[in-house]
Amino acid sequence: MAHGWNPHQQRFFPRSLLLWAIIIQSLSSIKILSCSSSSLCQHHHIHQQTNRKFEQKTTIFWEFEEESNTWVQVKSPYDLLSCVNNNCTKVGIIEPVNDDDYHDDQTRIELGQEQDLIKIQGPRKKKVKTDEKKSGGLGSRNRISVTKMTDDSIWVTGLSGSIYERFWNGIQWVIAPHELPLQAGYAVSVFLIKHIVLALSEAGILYQMQLNENSQPIWVEFPPILDSSTDIRIKSGVISHDMEKIYFCTKNGLLLELSEITTPRWMNHGKPPGADVAAIVDAPEIRPQVVFTISSSGDLYELDPSSKPMWKKHIWSQESTHDTTLTPMTSCTAHRRSGPHSDSLFLLTKGGNLVERRLHQRKWKWVVHGSPKDQQFTSMTPVTVDETYTSSFSLFLATTSGSIIEYNISKQEGKKTWVNHMHPPHAKVAKGVSGLQLQMSRHIFPLDDGRLGELHQSKTGGDGVGPTPSVNRRRMSTKYTWSIIDAPESEGWNTEYCTEDRGPLNCISGVKDETNDDQTTTRSCRRRSGNNKGQENYYYLVSTGSKTKDDAFVDRISSVNVDFRLRVMYEGRSFILVTENGISYEFVNVENVWFWLKHEHAVGMKGVVGSYNGSLFLVNENDDLIVGEREGNEFTWINGSAMKKGRRVVGGPPWDVAPSKAQKVTPDDSMFFVGKSGGLLQLTVALKKLKWKDCRNPSNTKIASIIDQEVFRENIVFVVGTDGHLYQYNKVSGLWHGHHQSRHMVLSKQPGTAMRGSPQSLSGSLFMISEDGRLIEYYWNPMDGWGWVEHGSPYPGVTLVGSTGPCLAGNQLFLIGSDGNVYLRYWDQTLWKWSDCGFPSTGNVSGKNRKGEGCIDQEILVKTRKEYHEETENCDPKVAPTRPIPFTENSVIFELNDGRLAEMRRTENLQWVWWRTIGSPTTRCNAVYWNAAAS
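Since the model is a prediction, treat every value here as computed from it, not as a measurement. The numbers attached to residues start from 1 for each chain and follow its sequence in the written order. In keeping with the model being predicted, local features are shown solely for residues with a pLDDT of at least 70 and side-chain atom pairs are shown and tallied solely at 80 or more, while totals for entire chains, interfaces and linings include all residues. The side-chain figures draw on all heavy atoms in the structure; neither hydrogens nor water molecules are used.

Observations regarding empty space enclosed by the protein
Put plainly, a pocket is an open set of points on a 1 Å grid over the protein atoms alone with protein on both sides within 12 Å along at least five of seven lines, a cavity is a set where a 1.4 Å probe fits but cannot get out, and a lining residue has an atom within 4 Å of a point. Grid points are joined across faces, edges and corners, and a volume is the space filled by probe spheres set on the points. All told, the structure shown has 5 cavities of 30 Å³ or more when counted by the stated rule. Of the pockets and cavities examined, the second largest cavity occupies roughly 50 Å³. Surrounding the second largest cavity, Ile 144, Val 156, Thr 157, Gly 158, Leu 159, Tyr 164, Pro 446, Leu 447, Gly 450, Arg 451, Leu 452 and Glu 491 form its lining. Under the scheme applied here, ten amino acids are nonpolar (Ala, Val, Leu, Ile, Met, Phe, Trp, Tyr, Cys and Pro), four are charged (Asp, Glu, Lys and Arg), and all others, including Gly, are polar. Across the lining of the second largest cavity, the residue classes tally to 7 nonpolar, 3 polar and 2 charged.

Right, here's the structure in full:
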């Protein structure tokens, strides 16, 4: 198994919605209706026949309004008219229908004989409950796949396009990255054939995993070698039942066969006459050398190279009135289900029904199994079954609402049963993605949020249980339960990658950690026990959008003028200050000379909400996002809110790249802002191609501020709602989650600060201030999962104001007190401590804070003590609640109440001292600290 290399930057792929309507149209009518119901509405003409009675089989109709160019739902009763030359005749009426029969909350439905089932389900298309679509909002997840290599190895392609392996090292399940090269793009699937691993990119290029001269795994292109010089791009593939071949369908509808790997042997089987190959549903299993495919039009074909013609189409009988268009996806096969010489191919229709193509005594037959009421199937998971004619048979199918339904056929009882296993708590099964059977009664399903869900029988599975020996089916429980399996940071989750170090997280062979003396070492090498601990803090939320484009919401307390007055432009060389009168200045160091540079604007500015790769992002007085591109000493300003889908903003990310850390520049780089309507906005900024996306907001609140953007967790944006609760947005899945917190804990509406000691470890904390001025920590570590800590305030009677300041050295947090002092909260090996750094004034002639701790450099104190006797009433040296900024990894800039700026630095003995004050263009106070060595 390969291990030990870092993943490339992850990507986001927005969800899509599948909308369909079945249209009833009159040739001469001025009214056009569309129906959506559980019954089948075929395309047909309604002729003028007074002796023909309208037969209503649906509950919902839609009328097309030409004025608004939209579909509007018809309210019953509604007259149906047929009009010719302005002569209209009533041909029927749509009447209200009692819908009580459509609501059935049972999760287990027993059905009678097969023909009864066909009669009930055949002529109907299943209707999805409106509230399920609204609550689920599930889009297709085209990049997700799960592949079982062995009992102890599962490979996953995630929503981000990353590849990772879930491997049992003998002690626990560990995660190892297997990223494609950055230039390869997103991965969509992996294959194992003859001990060789292949990966398919979204661009349709095949890659083979090889070892380089240093025995490190690398990906090398593995293109199809055909006689044609045409560039072949692969869409999907299926490994044959004997594990000797791989069949691929290409993006232009061809069927390819790969029968050798070491010396590749490719064969082009072409495509059916007048059709194409959209998916391979069965690679020779039902019949030797016969491949079954589905075309993009939803027809079933078989390829038999030994017969003529090679391609044959499986057609439905003319009297078939049910949904007959098949979904191009992998099927499930079964043998001897209806007799000792029968084979079955289970397929899904685009209407969400389960159908079977059965071969019995050399005769083919279509069998419609349908689906439960108000459910539509999107995928099925093939299972290994006991092929005894008298045994039961099960299929696991995913629905549009994100649940798993088991279809059980018992031959001895002659019954068919739908069993709804629902979905894990606060998570739903991904749409249109097949799962896998890990072992008997253990099934893995990709979840819509990027994690995995395991459906298993009680006490026989879960994240803490490895591959287990076969269990006697007679002794197995019939009760299933869900366990959530966490995903790596590439998907926005919390599983750390395995390591080469000896211990439980070793990538190859885990060793139990029995040394508990060093708690730090223990936490970094061990993973929490229990199946779902750490997952319980999340709860699923539905995103909602504002009714109008830029409606202001009055609940917002955080101010751009306070939280975003200062921003670092270039580390240690320049920063931006936005004054109260809307002018932006840049404090620049050129050849060790510091000076203020004024930037002109047509409209006054409120604050600077971001900096990326030399570009500035400001908010003007009209709440427009203004993007500044530097040209020499000047900026070219672009109104980002005036662009396509642009919005007005009132806040942004609190921090850019931490000092001394190199900024990654990738094609998917984005910045997030708080919209004026209270939603989260994403602006793609890579390659200077600005593109907006509305990420909406949680269903139960508006967004007040962004706590952190991808500092604490890659691909995750943490926000605080106007209700004072913490939420997160996953930019890979596009989903919102809430975090459970105590009812008495209400967060302020200001930005927060992330603290993460090492990029290699996911352990870290988010720091926020509560509504009553106390410091709040929300931490994560592999042992304990998520947890809340209340740090309180430095002294009785002193509360914290503004937002949290920067975090430096991985364990030191700056804060501003209500008394105008700066406070440092730092981790001292085993516990948190407070340090009072006061404010930069020699009014306190001793230069010490109330604890007697020195926070002012003594050399500067001697120099500046003479200057401060000249302080006038225009000077107020206490620190203002403006959010401070980290200028370097050893320097922090604060704003004072009198408009000056002050800098704190960390000395060689690691003590923080007040270093200097900086006169700003608008201050009236001339008293200044200055260190000659810094000039």
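The rest of the description comes next.
What to know about the pattern of salt bridges
Any carboxyl oxygen of Asp or Glu within 4 Å of a side-chain nitrogen of Lys or Arg constitutes a salt bridge here. Enumeration over the complete set of coordinates arrives at 30 salt bridges. With a shortest N-O distance of 2.7 Å, Arg 630 and Glu 586 are connected by a salt bridge. Taken together, the residues span a long stretch of sequence, with Arg 630 in strand β44 (residues 625-631) and Glu 586 in strand β40 (residues 584-590) at a distance of 44 residues. Using a 1.4 Å probe on the protein chains alone, a residue whose accessible area is under 20% of its type maximum counts as buried, one over 50% counts as exposed, and one in between counts as partly exposed. Judged by relative accessible area, Arg 630 falls into the partly exposed class, the value being 24%. Through salt bridges with shared partners, a single network forms among Lys 194, Glu 244 and Glu 260. A run of DSSP states H or I qualifies as a helix once it reaches four residues; a run of E qualifies as a strand once it reaches two. Both are numbered from the N-terminal end.

Section: the sheet that holds strand β55 (residues 764-769)
DSSP-based pairing: two strands are paired if at least 2 bridges between them are found. Pairing is antiparallel across the open sheet formed by 4 strands, whose spatial order is β54-β55-β56-β57. At either end of the open sheet lies a strand with only one pairing partner, and these are β54 (753-755) and β57 (785-792). Between one strand and the next, the sheet's axes are offset by a mean angle of 20°, whatever the strand orientation. Bridge count between strand β56 (residues 775-781) and β57: 7 bridges; the pairing is antiparallel. The partner of Ile 776 across the bridge, within β57, is Glu 790. Lines fitted to C-alpha atoms define the axes, with helix axes restricted to the stretch in contact, and inter-axis angles between N-to-C directions lie between 0 and 180 degrees.

Digging into the confidence of the model for the chain
The quantity called pLDDT is the predictor's confidence in a given residue, expressed from 0 to 100. In this model, the chain carries an average pLDDT of 81, and 76% of its residues clear a pLDDT of 70 or more. Any two residues having at least one pair of non-hydrogen atoms within 4.5 Å are treated as being in contact. Across residues 1-51, confidence stays below pLDDT 50; counting only partners more than four residues off in sequence or on other chains, it has 151 contacts.

So, the sheet that holds strand β43 (residues 615-620)
Spatially, β42-β43-β44-β45 is the arrangement adopted by the 4 strands of the open sheet, whose pairing is antiparallel. Both outer strands of the open sheet, β42 (605-612) and β45 (634-639), are each paired with one neighbouring strand and no more. Adjacent strand axes in the sheet meet at a mean angle of 30°, parallel and antiparallel pairs treated alike. Taken together, the 5 bridges between β43 and β44 define a ladder with antiparallel strand orientation.

Side note on unusual backbone geometry
The omega torsion across Lys 308 and Pro 309 is -5°, close enough to zero to call that bond cis. With respect to the helices, strands and loops of the structure, Pro 309 is situated in the loop between β22 (300-303) and β23 (311-314). The phi torsion at Arg 696 lies on the positive side, around 65°, for a residue other than glycine. With respect to the helices and strands, Arg 696 occurs in strand β49 (residues 691-698). If you check the backbone angles, Leu 910 has positive phi at about 65° while not being a glycine. Looking at the element boundaries, Leu 910 is found in the loop between β65 (901-906) and β66 (912-918).

A short note on the nonpolar core
Residues belong to one nonpolar core when they are buried, are Ala, Val, Leu, Ile, Met, Phe, Trp, Tyr or Cys, and are joined through side-chain atoms within 4.5 Å. Core analysis: the biggest nonpolar cluster contains 32 residues, and Phe 718, Leu 726 and Leu 766 have the highest contact counts within it. Other than its neighbours up to four places away in sequence, Leu 766 contacts Ile 707, Asp 708, Phe 712, Phe 718, Leu 726, Thr 753, Ala 754, Ile 776, Glu 777 and Tyr 778. Counting residues in each nonpolar core, the second largest holds 17 residues, with Val 188, Leu 206, Phe 248 and Trp 266 among its members.

Points about the environment of Gln 812
One can find Gln 812 in strand β60 (residues 812-817). On a C-alpha basis, the gap between Gln 812 and Tyr 826 in space is 4.4 Å, while along the polypeptide they are 14 residues apart. Setting aside its immediate chain neighbours within four residues, Gln 812 contacts Met 755, Pro 806, Cys 807, Leu 824, Arg 825, Tyr 826, Arg 906 and Trp 912. Pairs of N or O atoms within 3.5 Å make up the polar contacts considered here, provided that, within protein, one atom can donate a hydrogen while the other can accept it, and that residues adjacent in sequence are counted only when both atoms are side-chain atoms. Separated by 2.5 Å, the side chains of Gln 812 and Trp 912 make a polar contact.

Some points on the side chain of Thr 378
Relative to the helices and strands, Thr 378 is located in strand β28 (residues 377-381). Residue Thr 378 is classed as buried on the basis of its relative accessible area, which comes to 12%. For Thr 378, the side chain forms a polar contact with the main-chain nitrogen of Gly 432, separated by 3.1 Å. If sequence neighbours within four positions are ignored, Thr 378 has contacts with Met 329, Leu 348, Ala 398, Thr 399, Thr 400, Lys 431 and Gly 432.

A look at the pairing of strand β64 (residues 891-895)
Consecutive side chains along a regular strand alternate between the two faces of the sheet. Counting buried residues along β64, 5 of its 5 residues qualify, which places the element largely inside the surrounding structure. Burial along β64 is two-sided: the face carrying Ser 891, Ile 893 and Glu 895 and the face carrying Val 892 and Phe 894 are both buried. Bridge count between strand β63 (residues 885-888) and β64: 3 bridges; the pairing is antiparallel. Within the sheet, the bridge partner assigned to Thr 888 lies in β64 and is Ser 891. Bridge analysis of β64 against β65 gives 5 bridges, and the strand direction is antiparallel. Bridge pairing links Val 892 to Met 904 in β65. Counting the residues between successive antiparallel strands, the hairpin from β64 to β65 contains 5 residues, one of them, Gly 899, with a positive phi of roughly 95°.

Let's talk about the pairing of β49
In terms of strand pairing, strand β37 (residues 543-544) meets β49 through 2 bridges, oriented antiparallel. Of the residues in β49, the one forming a bridge with Thr 544 is Asn 697. Across 5 bridges, the pairing between strand β48 (residues 680-684) and β49 is antiparallel. For Gln 682, the partnering residue across the bridge sits in β49 and is Lys 693. Hairpin connection of β48 to β49: 6 residues between the antiparallel strands, including Leu 687 at a positive phi of 60°.

With respect to the environment of Lys 598
Residue placement: Lys 598 occurs in strand β41 (residues 593-599). When the C-alpha positions of Lys 598 and Ile 576 are compared, they lie 9.7 Å apart, and in sequence the two are 22 residues distant. Leaving out residues up to four positions away in the same chain, Lys 598 has contacts with Ile 583, Ser 584 and Tyr 585.

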